[in-house]
Amino acid sequence: SIYSRSETPFKFLLIGPIRPILLPLLLISTWTLLPQRPLGWTFVSLFLAFLPELVDIWNTTRSQQWQKKNIVEPTSIVSPFPMEAKLRLDIPSMGCVACVNKIDTSIRQSKSAANIRGETSWLNDGSAKGGMAELSILAKTKEEIDTITEEVLAAISDAGFQCSVESLQVDVK
């Protein structure tokens, strides 16, 4: 999940602690002022009020479509990649859901995207600022894993985020 390490039914908790209070006030004021202002302004204010949810729905749908399109069915063929590495990145400048989506997109569009099996990004829980990203890398050699790691770090840096490697676990199959 891009929101936290554990799935939560309260998907929009991270949008802002004051948002649940302000949204009903906006809806009440929109309803009471409806006869006093043009209908166009009403639609604009409602669109802006629900924009974070609309962006989240758009990004979730696009991500699911991308995942369905790029799923590789498991086969009995021996993998040409004898090594698998789990890379965990610390991204202290990631602060919102849009940042999470941008980082996921940057990883998917990096030069080494073909060697990345799955990526997940999330915001830190609690008072810790920033977030984390975790991905699995398939490679033939340790040097290739290092190259892919550098390319992923460069892609995230090019997207405008500072990041560092928190851990890199290499498993030989």
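How each quantity is defined
Throughout, residues of each chain are indexed from 1 in the direction in which the sequence is written. Residues qualify for local features only when their pLDDT is at least 70, as the model is predicted, and side-chain atom pairs are given and counted only at 80 or more; totals for whole chains, interfaces and linings, by contrast, use all residues. Each side-chain value is derived from all of the structure's non-hydrogen atoms; neither hydrogens nor water enter the calculation. Criterion used throughout: strands pair if DSSP finds at least two bridges between them. Runs of H or I in DSSP of at least four residues are treated as helices and runs of E of at least two as strands, each being numbered from the N terminus. All axes are obtained by fitting lines to C-alpha atoms, using only the stretch in contact for helices, and the reported angles, taken between N-to-C directions, cover 0 to 180 degrees. Contacts between residues were defined by any pair of non-hydrogen atoms, one from each residue, lying within 4.5 Å. Expected span of a helix, by definition, is 1.5 Å for each gap between consecutive residues, and there is one gap fewer than residues. Burial classes follow relative accessibility: with a 1.4 Å probe on protein chains only, a residue under 20% of its type's maximum area counts as buried, one over 50% as exposed, and anything between as partly exposed.

Draft legend 1. Highlighting the sheet that holds strand β2 (residues 116-123). Read across the open sheet, the four strands follow the order β2-β3-β1-β4; overall the sheet is antiparallel. Sheet topology places β2 and β4 (164-172) at the edges, where each strand pairs with a single neighbour. Along the sheet, successive strands turn relative to each other by an average axial angle of 10 degrees, direction set aside. Where strand β1 (residues 83-91) and strand β3 (residues 131-139) come together, nine bridges link them in antiparallel fashion. Each bridged residue has a counterpart across the sheet, and for Met83 the counterpart in β3 is Ala139. With respect to the sheet, helix α4 (residues 97-108) is in contact with β1, β2 and β3, its orientation differing from that of β2 by roughly 165 degrees.

Draft legend 2. Molecular detail of α4. For α4, with twelve residues, the first-to-last C-alpha span of 17 Å sits near the 16 Å given by 1.5 Å per residue. Most of α4 sits out of view: nine of its twelve residues are buried. Restricting attention to buried positions, one finds in α4 the residues Val97, Cys99, Val100, Asn101, Ile103, Asp104, Ser106, Ile107 and Arg108. In this fold, the buried residues of α4 make contact with α3 (51-69), β1, β2, β3 and α5 (142-158).

Draft legend 3. Broad picture of the side chain of Arg108. Assignment of secondary structure puts Arg108 in helix α4. With relative accessibility at 18%, the residue Arg108 sits in the buried group. The residues touching Arg108, leaving out its near neighbours within four places in the chain, are Ser63, Trp66, Ala113 and Glu119.

Draft legend 4. Inspection of the environment of Met94 at higher detail. Of note, Met94 is situated in the loop between β1 and α4. Taking relative accessible area as the criterion, Met94 reaches 1% and is therefore assigned buried. A C-alpha to C-alpha distance of 4.6 Å links Met94 and Gly130, two positions 36 residues apart in sequence. In this structure Met94 touches Cys99, Val100, Ile103, Trp122, Leu123, Gly130, Gly131, Met132 and Phe161, once residues within four positions along its chain are discounted.

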